[in-house]
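Report on the structure
So the chains spell out like this:
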Amino acid sequence: MSDTRQNAMWGGRFASGQDAIMEAINASIGFDRRLAAQDVAGSRAHAAMLAATGIITDADAEVIREGLLKVLSEIESGDFAFSTALEDIHMNVEARLGELVGEPAGRLHTARSRNDQVATDFKLWVRDTVDAAAERVESLQRALLEQAEAGVDWVMPGFTHLQTAQPVTWGHHMMAYVEMLGRDAGRLRDARARMNESPLGCAALAGTGFPIDRDMTARELGFDRPAANSLDAVSDRDFALEFLAASAICAMHLSRLAEELVIWSSAQFRFVKLSDRFSTGSSIMPQKKNPDAAELVRAKLGRIFGANVALMTVMKGLPLAYSKDMQEDKEQVFDAADSLLLALSAMDGMVRDMTAEPEALRAAAASGFSTATDLADWLVREAGMPFREAHHVTGALVAKAEKKGCDLPDLALDEMRGVSQAITEGVFDVLGVENSVASRVSYGGTAPARVREQIAAWKERLG
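Computed from a prediction, not measured in an experiment: that's the story for all the values here.

With that out of the way, let us pick up the overall build of the chain. Looking only at helices and strands, one finds 19 helices and six strands in the chain. For 463 residues, the compact-globule estimate of 2.2 N^0.38 gives 23 Å, and the chain exceeds it by more than 25% at 31 Å. Taken along its principal axes, the extent of the C-alpha atoms in the chain is 100 × 50 × 40 Å. Out of the 463 residues belonging to the chain, those deemed buried represent 50%. Taking as baseline every contact in the chain between residues at least 6 positions apart, the subset at least 24 positions apart corresponds to 72%.

What follows covers the pattern of salt bridges. Counted under the stated rule, the structure contains 29 salt bridges. Residues participating in the shared-partner salt-bridge network are Asp 60, Glu 103 and Arg 107.

Relative to the helices and strands, Thr 394 resides in helix α15 (residues 387–404). For Thr 394, a relative accessible area of 5% translates into the label buried. Look past the residues within four positions of Thr 394 in its chain and what remains in contact with it is Ala 372, Leu 375, Ala 376 and Leu 379.

Turning our eyes to something else, we now look at helix α5 (residues 89–101). With 13 residues, α5 should cover 18 Å at 1.5 Å per step; its first-to-last C-alpha distance of 18 Å lies within 8% of that length. When we look at burial in α5, the residues that qualify are Ile 89, His 90, Met 91, Asn 92, Val 93, Glu 94, Ala 95, Leu 97 and Val 101. For α5, the N-terminal capping position is held by Asp 88, with its side-chain oxygen 3.1 Å away from the main-chain nitrogen of His 90. Just past α5, the residue Gly 102 takes up positive phi, approximately 75°.

In this section: the packing of aromatic side chains. Think of a pair of aromatic rings as described by two things: how far the centres are apart, and how the planes are tilted against each other in angle. Enumeration according to the criterion identifies nine aromatic pairs in this entry. Plain terms: the ring middles of Trp 170 and Trp 264 are 5.6 Å apart, the flat faces sit at 45° to each other, and that makes the pair tilted. Of the two residues, Trp 170 is situated in helix α7 (residues 170–195) and Trp 264 in helix α10 (residues 238–264); the sequence distance between them amounts to 94 residues. For Trp 264, a relative accessible area of 2% translates into the label buried. Look at Phe 269 and Phe 271: their rings are 5.1 Å apart centre to centre, the planes differ by 75°, and that puts the pair in the edge-to-face class. Of the residues examined, Phe 269 reaches a relative accessible area of 25% and is grouped as partly exposed. For Phe 271, a relative accessible area of 2% gives the class buried. An aromatic cluster is present here, built from Trp 154, Phe 159, Trp 170, Trp 264, Phe 269 and Phe 271 joined pairwise through their rings. In this arrangement the basic side chain of Arg 127 is found over the ring face of Phe 223, its NZ or CZ atom lying 4.9 Å from the centre.

What counts, and where the lines are drawn
- Residues numbered from 1 in each chain as written.
- Predicted model: local features only at pLDDT ≥ 70, side-chain atom pairs only at ≥ 80, totals over all residues.
- Heavy atoms only, no water.
- Helix = DSSP H or I, 4+ residues; strand = E, 2+ residues; numbered from the N terminus.
- Rg over C-alpha atoms; globule rule 2.2 N^0.38 Å.
- Buried < 20%, exposed > 50% of the residue type's maximum accessible area, 1.4 Å probe, protein only.
- Contact = heavy atoms within 4.5 Å.
- Salt bridge = Lys/Arg side-chain N within 4 Å of Asp/Glu carboxyl O.
- Expected span 1.5 Å × (residues − 1).
- Polar contact = N/O pair within 3.5 Å; in protein donor to acceptor, adjacent residues only side chain to side chain.
- Phe/Tyr/Trp six-rings, centres within 6.5 Å; stacked < 30°, edge-to-face > 60°.
- Lys NZ or Arg CZ within 6 Å of the ring centre and 35° of its normal.

Now the structure itself:
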């Protein structure tokens, strides 16, 4: 069955209306209504510029700008009737503006196309979201800094392959995520700087013959400059792709931390206790306290990574300039943004509320021959052994301790000297886990003094 309705905004060329299925696949108002505030801001800036350049009258521009605020107020209050027949947020806003102010509304679209309009609106929305994401990243960094400062000298095992490797400090471990998130914030800021060029005024693809002032609209909307090439500007979605790429890396970092919280809060580790606010129970096992918030943060990466791949796939085969394929750019970006912002907030809450267990951390650090590398380093430094020989001697001592069911510091000096006569009483100064971490004083190392320096530097950087 055909739908005989025509879209009055562009239907003059068509003799009959669209099929209902065509209307359904063509409409984006179901999701792009989220661009309402940006659409109104862009249209208000465009109207002011049209008046400033003499393209429309000051009176018409004022009526248009006030009418747009009324439209936005209706949308924000829930009183706006969205129409699928009008396809998208742009035509819904313009049609309602016409109902409110009459003839002047018809002059708003002078020297503008939906192509540059949607590129501008979407870029403004992504820019706002980048700012929000960067703020939440920095909030999480501050939460991690608080944890690092509280446990700057708590000893815990450092892992490779999830096997005990060397002792580190809790503060050092927390600061590793501060560094990761610092790169995430940097990527977001870099993306923001690159995206801050205005497409408005590029029209459909070739610019316009009207004497517009693109610098004026760029300034009004907070852009650094107008985009330099109209073909590129209306077909560019790099800004959305960069946001998704930065989001995917950030979500990966959140997933790694979430994985550790899941492991650390288990009965087998007991390194941390997660608060009740970010845990759930079991419907059948009353003893359970499940780290569901961490698990869901871990899973959000799939949605965000998928959105990045989806948009790359949409864009990869498009000739210049605009194609309707690009309507499929928004839903995945909206979903990824929602997922990232929620994951950042949830992780922030978990980190602020979690309680580390220093005794469990130290006990784990003291097991698993975690000071074996310290022993090998001591043999090189104090006994003058080549490192490969020291490595072999240390391995033999580990095997001896393992056979006895004890750790390296529990071996008697005579037992150690049975493997190498170069070993003296001084070896016990490096075998304790506290001695081990205190000795790692190289820049970026786990020694509490170095961790305090990094905490102070990051607190100054974040303000």
